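# Examining the three-dimensional arrangement
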Amino acid sequence: MKAEHRSQPSARAHAGRAGVGLALAATTAVGMAVPAAAAPAPSARPAPALHGALAAPVHVQPAAPVMTYRVQAGDTVSHIAARTGSSVGAIVGANGLDARAVIRVGQMLRIPSAAAAAPTATKPAAPAAAPAATTHTVRNGEYLSGIARQYGTSVSALVSLNSLASPDRIYVGQKLRVAGAAGTPTPTKPAAPAAAPAATTHTVRNGEYLSGIARQYGTSVSALVSLNSLASPDRIYVGQKLRVAGAAGTPTPPKPATPTPPKPAAPAAPAATTHTVVAGDTVSVLAARWGTTVAAVAQANKLGPAATIYVGQRLTVPAKASAAPAPTTQPLVPSSFLGRTYPEATVASANANKATLLATGVPSRAEMQALVASVARQMGVDPALAQAHAFQESGFNHASVSPANALGTMQVIPSSGRWASDLVGRPLNLLDPLDNVVAGVAIIRYHVRTAPDLDTAIASYYQGAGSVARNGLYPDTKMYVAAVRALMNRF
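What you are looking at is a predicted structure, and each value in this text was computed from that prediction instead of being measured. (Residues numbered from 1 in each chain as written. Predicted model: local features only at pLDDT ≥ 70, side-chain atom pairs only at ≥ 80, totals over all residues. Heavy atoms only, no water.)

## Description of unusual backbone geometry
One non-glycine residue, Ser163, lies in positive phi territory at about 50°. With respect to the secondary-structure elements, Ser163 resides in the loop between α5 (155–162) and β5 (175–179). Owing to a relative accessible area of 35%, Ser163 belongs among the partly exposed residues under this scheme. The backbone of Phe396 shows a phi angle near 65°, a positive value even though the residue is not glycine. (Helix = DSSP H or I, 4+ residues; strand = E, 2+ residues; numbered from the N terminus. Buried < 20%, exposed > 50% of the residue type's maximum accessible area, 1.4 Å probe, protein only.)

Written out as structure tokens, the structure is:
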């Protein structure tokens, strides 16, 4: 998390996302002619509302049969179709494009109305009865995502069931309530059934991701990728028909069990030891590995408010006794971090945004990493640099929210989100995975283009360009730059 001891420059001062430390194609300004008589209609699945700043963007669809669009740099037909709510086939047919659907910058395209290409929504069946609950004792090296896969459930379900403050805050010896048949872990690769279930199709709607479709039909992302011969789990578009596997093709969303306060066992406190930081380490990852908390690691090593570490640094491993679990009454996002207390209104917005992300669900870390790399390539930014920033900020965890109300994978605060919206020419909703990544990459791109060197650009994302120009790099900023530089070699 980035220190809040610097003043936040205005959006026009291009300060980056300053204020904190921890999703398909890039989005550019669009020129779209919408008839004056067209009545806008909300999309079938709007992004969650953002508390404390930007409202969720409302995607409008014209009532007229077609609209026109001027092709921008980086556009593809699939991206334009997803953005306008039309379909690739409809755009290809309306403009006489060949099978390759090749377009050029400046070309004017006729976009058929979304009504003509709108998919028919499926009606999910009644949810299955809640399974019996059992417990799982956390072992060394385990993460919540792995435990969720082991029991055939989701991270958000485990967070809710155990009233966890954060999916990253579990420790060795903690007993977690899990949902499963008689408490038996569900293998991630089930045995082949006697008879293969009937396959059906699902039409992709606006705002859907492959992970959400997989959960809806009780299958996996890899199964959908294989079944539909997809080149990438990120490359689906509105109107696309996907083959899905399920009982009679009917989606059966899971029903999580009622949350019950956990009763973790108190692990014995081992003697303190040391650890040498290697590429890929972050304080949150090490804290989870050692069964302690970020604050305990930061305090034991006298780290700054950003809790930034670098390759080669020797860290003291704190005793696990200092990692007592937070009370179940504690809010999702605390009001302070490493001795700094944030304004009540800011923390309230952060908690509301965290609750929204956990309730709606977020893509996996692997999906977010692929999204960061894809957006960076589309926007002309080094994918290794963008991934290094994202990993250092959040570990690709889109459910991350800081007490300063820094949101999502790229940890962008609302004021920087408004600036990023100006940079790309459209409103960005920082709770939306794609918009969050676009905002972060747009800020990175700006600093790379305006800074005298790469180190200054990296520092500006963390400290703010104005502060860097006035004060130089703070000590914790230098550590942040070193960490991002080291992570670039990993990606």
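After presenting the structure, the write-up continues.
## Some thoughts on the pattern of salt bridges
The tally for this structure, following the rule as stated, stands at three salt bridges. Across the salt bridge formed by Arg139 and Glu142, the nearest N and O atoms sit 2.9 Å from each other. On the basis of relative accessible area, Arg139 is assigned to the partly exposed category, the value being 46%. Among the ionic pairs, Arg426 bridges to Asp435, the shortest N-O distance being 2.7 Å. Judged by its relative accessible area of 18%, Arg426 falls in the buried class. (Salt bridge = Lys/Arg side-chain N within 4 Å of Asp/Glu carboxyl O.)

## Structural notes on the confidence of the model for the protein chain
The share of residues in the protein chain with pLDDT of 70 or more is 69%, and the mean pLDDT across the chain is 74. Highest mean pLDDT in the protein chain belongs to helix α14 (residues 433–450) (95); lowest belongs to strand β1 (residues 31–33) (32). Here residues 54–64 is a poorly scored stretch, pLDDT under 50, and it has 35 contacts once near neighbours within four places are set aside; other chains count. The low-confidence segment residues 190–197, where pLDDT is below 50, has two contacts with residues more than four positions distant or belonging to other chains. (pLDDT = per-residue confidence, 0-100. Contact = heavy atoms within 4.5 Å.)

## What to know about the side chain of Glu142
In this fold, Glu142 is placed in the loop between β4 (133–137) and α4 (144–150). Glu142 gets classed as buried once you look at its relative accessible area, which sits at 15%. For Glu142, the side chain forms a polar contact with the side chain of His136, separated by 3.0 Å. At 2.8 Å, the side chain of Glu142 and the backbone nitrogen of Arg139 are in polar contact. In contact with Glu142, other than residues within four places in its own chain, are His136, Thr137, Ile147, Gln150 and Ile170. (Polar contact = N/O pair within 3.5 Å; in protein donor to acceptor, adjacent residues only side chain to side chain.)

## Quick look at the packing of helix α13 (residues 414–424) against α14
Each pair of packed helices gets described by two things: the angle between the helix axes and the distance between those axes. The interhelical angle for the contact between α13 and α14, taken along N-to-C directions, is 75°, at an axis separation of 9 Å. Compared by their axis directions, α13 and α14 come out roughly perpendicular. For the pair formed by α13 and α14, the contact residues are Ser416, Trp419, Ala420, Leu423 and Val424 on the first element and Val438, Ala439, Ala442, Ile443, Tyr446 and His447 on the second. (Axes fitted to C-alpha atoms, helices over the stretch in contact; angles between N-to-C directions. Parallel < 35°, antiparallel > 145°, perpendicular 65-115°, else oblique.)

## A short note on α14
In this model α14 runs 26 Å from its N-terminal to its C-terminal C-alpha over 18 residues, within 8% of the 26 Å that 1.5 Å per residue would give. Where burial is concerned, most of α14 is hidden: 14 out of the 18 residues are buried. Capping the start of α14 is the job of one residue whose side-chain oxygen sits 3.2 Å from the backbone nitrogen of Leu434: Asp432. (Expected span 1.5 Å × (residues − 1).)

## Things to note about the environment of Ser400
Position of Ser400 among the secondary structure elements: in the loop between α12 (383–394) and α13. Separated by 232 residues in the primary sequence, Ser400 and Asp168 have C-alpha atoms spaced 9.3 Å apart. At 3.0 Å, the side chain of Ser400 and the backbone oxygen of Asn397 are in polar contact.

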